[in-house]
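Here are the chains, one letter per residue:
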Amino acid sequence: MRRPSWITVALTPVIALVLLPAMTNVATGALPSSWDPYLWLAGPVAGLLAVPVVLSEVRRGRSITVSGDHLGGGGSTLAGVVWNIPPAVRTFAGRLAELRELAQSLSGRDGGAVALVGPPGVGKTQLAEAYAALHRGQFELGWWLVADDRLAVVASLAQLADRLGVGDTDQEVAARRVVQELSGRSRWLLVFDNVGGESDLAGLVPSGRGRVLITSRDPGLARLARVSVVRPFEEGESARFLQDRTGDRDDDAARWLAREMGGLPLALEQAAAYCVQTGVSLAGYVQRYRAGNRAWLWRQHAPVDRPPVLRTFELAFAAAGKRSSAAVQLLTLSAFLAPATGIPRDVFVSSAAVLPSALAIAAADPIKLDAAIAVLVRMSLIEAYGDRLRLHPLVQDVLRTRLRVAGRQRLALRAAAGWLPLPGRDRTVGWRSSRWITLAAASMLKVLPANAADPSVWDRCVELSPHAAAVLDHAEQDDVASAPTAGLSSWLGMYLFHRGEYGAGRLRLERAAAECRRVLGEEHSDTLTSMDNLALVLGVGELAEARHLHEQVLQLRRRVLGEEHPDTLASMNNLASVLTDMGELADARHLHEQVLQLCRRVLGEEHPDTLTSMNNLADVLSRMGELADARHLHEQVLQLCRRVLGEEHPNTLTSMNNLADVLNRMGELADARHLHEQVLQLCRRVLGEEHPNTLTSMNNLASVLTDMGELADARHLHEQVLQLRRRVLGEEHPNTLTSMNNLADVLIRMGELADARHLHEQVLQLRRRVLGEEHPTTLDSNHRLALIAALVERERSSALDREP
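How each quantity is defined
Residues numbered from 1 in each chain as written. Predicted model: local features only at pLDDT ≥ 70, side-chain atom pairs only at ≥ 80, totals over all residues. Heavy atoms only, no water. Phe/Tyr/Trp six-rings, centres within 6.5 Å; stacked < 30°, edge-to-face > 60°. Helix = DSSP H or I, 4+ residues; strand = E, 2+ residues; numbered from the N terminus. Buried < 20%, exposed > 50% of the residue type's maximum accessible area, 1.4 Å probe, protein only. Core = buried A, V, L, I, M, F, W, Y, C linked by side-chain atoms within 4.5 Å. Pairing = 2+ DSSP bridges. Expected span 1.5 Å × (residues − 1). Contact = heavy atoms within 4.5 Å.

Turning our eyes to something else, we now look at the packing of aromatic side chains. Each aromatic ring pair is described using two quantities: the centre-to-centre distance and the angle formed by the ring planes. Per the counting criterion, the structure on display carries three aromatic pairs. Centre to centre, the rings of F233 and F241 are 6.1 Å apart; their planes meet at 50°, and the pair counts as tilted. Summarising the aromatic geometry, the rings of W491 and Y495 are spaced 5.5 Å apart at their centres and angled 10° between planes, so their arrangement reads as stacked. Remark: Y495 and W491 occur in helix α21 (residues 483–498); sequence separation between them is four residues, near one turn of the helix. On the accessibility criterion, W491 (10% relative accessible area) is buried.

Below, the structure is given as C-alpha cells:
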C-alpha cells in the first residue's frame, strides 16, 4: 500500500480537528444564526485546503477505497455469515403492505431484483433495511453498497471481494470477480443504496439466485429490476405516526402537519423528534412552522442516520443542477404554482418569451423540454403524467424557503455566482423569491385566455386559475408588487366576476388597482383599466361606489387619453350603464347619446363598439317607455349585426333577444315569442345548451309564455333555467336569483301563493347578502313580498265574507 504524501500528513490534523467539524456544522445548520453572514467563507476556505491535497494525491495515483464505516458500520462474520447491512431503525413504522409486497417480489426460487424508487425522504432506505432485518435468517451473505455513483459501487464491491477472498489491487477487477462469484451462488442479498442511474450498475449486478434490492430516485430502472414506487404516507397514517412518536393525541395539529409535509416520512420523523427532544407539543410545532421558522426547523433534530430535510433536498437540487440548468429553472418556477393540481406542460411552452434563457431554449423545443423534465423525474423531484407535471408540496415549500432565506441574509457567494460571466453559468442562481414570483406571474399571463368573459374558454380557466391564485398568494406573502402580479390579479378578478363570484373578484381587483397605483402610477393606462374593472364589479351591488369610481376613471381618461380615445368612450358607456341601473334614465340617455355620436365619428357606423352603444341607448329608451324609438333602434342594430358580424354571432343573438323583449313590452306577444324561439334555437346550436346566453334566452321565452297565459309551459321552462343556472353559475349569481324571482311570479299567477312566498323570501335573503339592501332588485323583492302578503290577506278576507 502506498504511503500518503507529506502534504496530506501535514494537513490531515487541520482537516480532522478544524475543517471537518466546522463544515459539518455549516451543512447541518448547527451554527448560531449570527454566523450566517459569514457562511460564504466556508466554501473558499475548504477549497483552498483541499487543493494541495488533491493535487498531491492525484499525482501519486493513489487508489480509492471506501471504508467499512462509510458502508454502514463495517462487515461482520458470525457463524460463517457475511453481513454489513445496517439494522432497521428503531422508529421504523408502517409500511407493512410494502414489506409484504417486497417479500413476495423477492420470493422466487431463481432470485429476484426490486428497485425501490421515490422522492428524497420518502423512506426507501429504511424500507430496504427493514426487509433485510426481517429476512436476515434466509441469507448467508448480506452486503450494503453505497451506490451514489459507479466509482462508489465498484469500491463497495471491491471491499466485499476482500471479504470473500477474491480481491485484487485493481478495484474494477475485484468488483467483477464478486459479480462472477455471486452469480454461481444463492442465499445472498445485495442492497445498492441511492443509485443515480442505470449506467452506474451496468455489469455490476450478479445474475445468480440471490436477491438484489436497489434504492433510487430514478424510476427508469425497469431493465435492472422490478420497479416499486414508494409513496408518501396517507394523511391518516402520517397523523398516527406523529401521535405515536410524540404521545400527543392532538388530531388537528397532527393532520395539519401531515398535509403540510405531504406525508414524507423524513419530515414527519424530524418534526416528531423535535417535539420529543424539546418538549414542544404538536400544536406548538405547528405555530413555529407557520411563523416562518421552517428553514431552522428543517435543520434540527434529524435522525442520526440521515441528513436533515433541508440538506436532503439541497443535495437533490444540486444533483439536478449539475445535469440541467433548464430543469432546475423549471422546478423553481413550479414551486410558486398550485401544489394540488397538475401543471400543464404548455405553461412553459406558451410563456417561453418571458422565461430565463436555459428554460426558454428548452421550452421552444419539445425534445429539450422532455429532457429537462426527465432529469427531474429521474431525481423523483417531479412526477409526469401525460401533459401534466406534479410536485410534492414539501419540495415546493423547501424551494421557496431556501430562496427566501438566501434573499434575506446569506451566501453572498451564491448571489455573486449569478453575475459572473462564466460559460454555462446559470444566471438565475442568485435570484430572490420576489423575482421568481414576478416571473411566474408573467408566465401565467402569457398562457391564460385573454377574454375571461368568454364561456368557451372557461374550461381552460378552471385548469389554470388555481395556479394564478397560488402565484398571487405567494406575492402577497412576500409583499411582491409588480406589473405582472397586478395584471394577473386583475385577470383573476375579472374571471371570478364573470363566473359570479363577486366577493372574491372584488378582493382581487382591489388589490390589482392598489398595486397598479403603487407600481405604475395613478394615471397609467393599466391603472385606469384596473380601476374600471373594479367599478364594474362594484356595479353588481354597490351602485353609488361604482358610479363614483367610474366618474374618477372617466375624468382621468379624458385628461390623459383624450375625449375620443376608445378607452374614454368605454368609460362613458360604463358610467351611463350604472346610471341606468340606478334609475337615473335621463342622465343615462344623455350620456349614451354622446357616446354613440363619438363612436360613429371615431370608430365608424359599423364598429362593434358603435353597435354596443346603439344597443345600450335603445335599452334606456325602452326603460323610459319610448318603445317605438327603442324598437326602431334595435332593428337598426340587428340589421347591422347580421351584415357585419353574421347571423350567428353572439352579439347578433343578443340584439335579436333585445328586440324580442321590446316587442313583448309593446304587446306583440306572438312576434316576440317567435323571435325568442329563433334566438333560443340558434343559441343552443352555436353556444351550447348551458351557455349563460342560452339560459338568458330560455328565461326570456318563459317570460313571454307567462304573459301569453301559458303558465304550465312557462313554469316548466323557468324550472329548467333555474336548475341549469344553479349548476353553471352558482346559487348566488344574480341571474340565478332572477330565475328564482321569475319562477315565483309564475307561481303567483297560478295561485300557489305559499310556494311563491317561500321562494321570494329566499330571493330577498340572497339579494340582501349578495347585492345589498339598497340594490334595485332587492327593493323589488321587498315589493313582491308585500304584494303576496296583500293577495294572501285578500284571499283570507274573501273566505271570511263567504262564511255564513
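As a further point, take the nonpolar core. Ranked by size, the top nonpolar core spans 101 residues in total, and within it L213, L330, F348, L381 and M444 carry the most contacts. With eight residues, helix α20 (residues 458–477) is the largest single contributor of residues to this core. By size, the runner-up hydrophobic cluster in this structure holds 29 residues, among which are V117, V153, V166 and I214.

Here we take up the pairing of strand β6 (residues 209–216). Counting buried residues along β6, seven of its eight residues qualify, which places the element largely inside the surrounding structure. Pairing of strand β5 (residues 186–195) with β6, which is carried by six bridges, proceeds in the parallel orientation. Directly across from F192, in β6, lies its bridge partner I214.

Glancing now at helix α28 (residues 627–644). Helix length check: α28, at 18 residues, gives a terminal C-alpha distance of 25 Å against a target of 26 Å (1.5 Å per residue), a fit within 8%. Within the span of α28, buried status applies to L627, A630, L633, H634, V637, L638, L640 and C641. Residues of α28 that are buried in the fold lie against α27 (608–623) and α29 (650–665). Residue G646 follows α28 closely and has a positive phi angle near 105°.

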